[in-house]
Amino acid sequence: MRDIAKIQVQEGRLRQDLLDLARFGEVPGRGIMRTALSDADLAARQWFKERMKEAGLEVHEDAAANLIGRMNPVVGPTDGPCIATGSHIDSVAQGGRFDGALGICAGLEALRAIRESGLLILCPLELIVFTDEEGSHFAGTFGSRAMFNLLQEGEMERSRGTGLPTLAQDLNRMGKDVEKISQAARSPSEFRAFLEVHIEQGPVLESMGTPIGIVEGIVHLGRYLIRVEGKTGHAGTTPMHLRDDALVKAAGIITAVNEAVRSAGPEIVGTIGEFQVHPGVINIIPGEVEMALDLRSIKKTTLEAVKNTIQEIVHYTGNARMETILTKGGVRMDPGIMEAIEISCRQRGISFQRMWSGAGHDAMTFPTQNIPTGMIFIPCLAGESHCPDEDIRFEDAAIGAQMLADTMVSMAFKGEK
Ligand SMILES: [Zn+2]
């Protein structure tokens, strides 16, 4: 093993970058408004582009507006496959300061530390800022999917609602030709590995007092629409025994769904977080309810079994049905990379925990191309994310960046004598 002790990330520098970046789109009391390709996002990208250049990276922007900073080896071929890291600069509306931002700032600090170490890395290293991870235009992880030709037909022409811009419109606004989006596509053979540092977005690491989570995989996700029908009627004149109240039936489903998910064990979670009552008037018995169910599990079979149970519950409720809106396959991180991160932790005496990610990330895209992928989580305080209160400890951020740098270097030297 080369002398990794020479690689030393600087917490103060990383902290300053994170605080500087957090000023773009900050609205006092309402968190970060930096949705993809908004003015705040464009300004933040410009700022970050300058930081990448300052760090000595060769920077370019691809047809999907992904920002790519490359550090070529001082000796050896510059066109070989790279070890890449990256995340996103865009936020959800009223989001936090560290979701995505941590990954790109930690990546920048890791590359700076590697350069300053003087170690001769014989393969290119890349730092990528992916466009619209949060899906503020339509679907999420846009930039990483564009990078591997995985966009769905017509998705750039769709928006999240009337009056909201499409990705095509916003890309045009910045001078991109959407007809040429396929130019963003790269061959998987250009990558030796991909690593992403991210806040956990949940409460597990903090509750354990552990600074590093080594992600084993990203969960399977299923989203379903449940529609319950009843009969509207006057709230004053219809006796209770003659009612068919859609909301009362829906309430029974919600309770039963919660029980079904809980009894299936800890490897699945389920949430009904979206709910509409029709006509939604105080003196009319509800005639129809629509609700959306989100199920996530590390095991596809568990997800399927619970979904089938819920389908039966819905079926026996009477005048109710359930349809699938979306399913996304879970992905597994590369065992070799998980082990490399673990070794990096042991070498510096950092405690770690292997865990699953309940949220999606750009790192999901790379395993679909058979590119070995890993993710490093750090704790976020009180498990809060996608909200103004999202917070971290900067010492944890520095540990995350250090583990990223150490792991990138250990992988770059893998196979070398
Ligand atoms: Zn994120």
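Worth saying up front: this structure is predicted, and the values here are computed from it rather than measured.

### Points about a nonpolar patch on the surface
Side chains of Val74, Val75, Leu120 and Leu122 sit close together on the surface and give an oily, nonpolar patch of about 360 Å² of accessible area. Along the chain, leucine 122 turns up in the loop between α3 (101–117) and β6 (125–130).

### Things to note about the coordination of the zinc ion
Taken together, His88 (NE2), Asp99 (OD) and His198 (NE2) make up the protein donors of the zinc ion, found 2.0 to 2.2 Å from the metal. Considered as a linear motif, the donors of the zinc ion on their single chain read H-x10-D-x98-H. Pair noted here: aspartate 99 is in the loop between β5 (82–88) and α3 and histidine 198 is in strand β7 (residues 191–199), with a separation of 99 residues, a long-range link. With a relative accessible area of 7%, aspartate 99 lands in the buried category. Under the relative-accessibility criterion, histidine 198 is labelled buried at 1%.

### Overview of unusual backbone geometry
Phi is mostly negative for residues that are not glycine, and the peptide bonds are mostly trans. With an omega of 0°, the peptide bond running from histidine 278 to proline 279 counts as cis. Position of proline 279 relative to the elements: it lies in the loop between β10 (268–278) and β11 (288–297). Unusually for a residue other than glycine, threonine 141 sits at a positive phi of about 45°. Along the polypeptide, threonine 141 turns up in the loop between β6 and α4 (142–147). According to the relative accessible area criterion, threonine 141 is buried, its value standing at 6%. For asparagine 149, which is not glycine, the phi dihedral falls at a positive 60°. Along the chain, asparagine 149 turns up in the loop between α4 and α5 (167–173).

### Description of empty space enclosed by the protein
Tallied over the full model, the rule gives one cavity of 30 Å³ or more. Counted as a void, the largest cavity has a volume near 30 Å³. Of the residues assigned to the lining of the largest cavity, the class counts are one nonpolar, four polar and four charged.

### Notes on the sheet that holds β10
Overall, antiparallel pairing links the four strands, which are arranged β10-β11-β9-β12 in an open sheet. Edge strands, defined here as strands with exactly one partner in the open sheet, are β10 and β12 (320–328). Here the average twist between neighbouring strands, direction ignored, is 20°.

### Some thoughts on the environment of arginine 30
Along the chain, the position of arginine 30 falls in the loop between β1 (26–27) and β2 (31–32). Through-space distance from the C-alpha of arginine 30 to that of glycine 96 is 9.2 Å; in sequence the pair is 66 residues apart. In this structure, arginine 30 is in contact with Gln94 and Pro388, ignoring residues within four places of it in sequence.

### Looking at the packing of aromatic side chains
Centre distance and the angle of the planes are the two values used to describe a pair of aromatic rings. Overall, the coordinates contain nine aromatic pairs when judged by the stated rule. Ring geometry for phenylalanine 191 versus phenylalanine 366: centroids 5.6 Å apart, planes at 80°, classification edge-to-face. With phenylalanine 191 in strand β7 and phenylalanine 366 in the loop between β14 (352–357) and β15 (373–378), this residue pair connects regions lying 175 residues apart in the sequence. Judged by its relative accessible area of 6%, phenylalanine 191 falls in the buried class. Site record: aromatic cluster; members linked through ring pairs are Phe130, Phe148, Phe191, Phe194 and Phe366. A cation over a ring is seen here: arginine 15 above phenylalanine 394, with NZ or CZ 5.1 Å from the ring centre.

### Structural notes on the pairing of strand β8 (residues 212–218)
On any regular strand, side chains alternate: one points to one face of the sheet, the next to the other face. Most of β8 is tucked away: six of the seven residues are buried. Here β8 runs beside β15; their pairing, made up of two bridges, is antiparallel. Within β15, the residue paired with isoleucine 214 across the bridge is isoleucine 376. Bridge analysis of β8 against strand β13 (residues 331–332) gives two bridges, and the strand direction is antiparallel. Of the residues in β13, the one forming a bridge with isoleucine 218 is valine 331.

### Side note on the packing of helix α1 (residues 11–21) against helix α10 (residues 394–412)
For the pair α1 and α10, interaxial distance at closest approach is 9 Å and the crossing angle is 110°. Put simply, α1 runs roughly perpendicular to α10. For the pair formed by α1 and α10, the contact residues are Glu11, Leu14, Arg15, Leu18 and Leu19 on the first element and Phe394, Glu395, Ala397, Ala398 and Ala401 on the second. Residue composition of the contact of α1 with α10, by class: seven nonpolar, no polar and three charged.

### Let's talk about the nonpolar core
Of all hydrophobic cores here, the largest spans 82 residues; its most connected members are Leu18, Phe48, Ile114, Leu125, Phe191 and Ile392. In terms of residue count, α10 provides more of this core than any other element does, 11 residues in total. Other than its neighbours up to four places away in sequence, phenylalanine 191 contacts Pro81, Cys82, Ala84, Glu126, Ile128, Met147, Phe148, Arg186, Phe366 and Ile371. Membership of the second largest hydrophobic core comes to 20 residues, among which are Tyr224, Ala246, Val257 and Leu293.

Scoring rules and cut-offs
- Residues numbered from 1 in each chain as written.
- Predicted model: local features only at pLDDT ≥ 70, side-chain atom pairs only at ≥ 80, totals over all residues.
- Heavy atoms only, no water.
- Patch = residues over 30% accessible without salt bridge, like charges linked within 9 Å, V, L, I, M, F, W, Y side chains within 5 Å.
- Areas by Shrake-Rupley, 256 points an atom, 1.4 Å probe, with all protein chains shown as cover.
- Salt bridge = Lys/Arg side-chain N within 4 Å of Asp/Glu carboxyl O.
- Helix = DSSP H or I, 4+ residues; strand = E, 2+ residues; numbered from the N terminus.
- Donors = N, O, S within 2.8 Å, 3.2 Å for Na, K, Ca; no water.
- Buried < 20%, exposed > 50% of the residue type's maximum accessible area, 1.4 Å probe, protein only.
- 1 Å grid on protein atoms, 1.4 Å probe; cavity = no way out; pocket = protein on both sides within 12 Å on 5 of 7 lines; lining within 4 Å.
- Points joined across faces, edges and corners; volume = space filled by probe spheres on them.
- Nonpolar A, V, L, I, M, F, W, Y, C, P; charged D, E, K, R; others polar.
- Pairing = 2+ DSSP bridges.
- Axes fitted to C-alpha atoms, helices over the stretch in contact; angles between N-to-C directions.
- Contact = heavy atoms within 4.5 Å.
- Phe/Tyr/Trp six-rings, centres within 6.5 Å; stacked < 30°, edge-to-face > 60°.
- Lys NZ or Arg CZ within 6 Å of the ring centre and 35° of its normal.
- Parallel < 35°, antiparallel > 145°, perpendicular 65-115°, else oblique.
- Core = buried A, V, L, I, M, F, W, Y, C linked by side-chain atoms within 4.5 Å.

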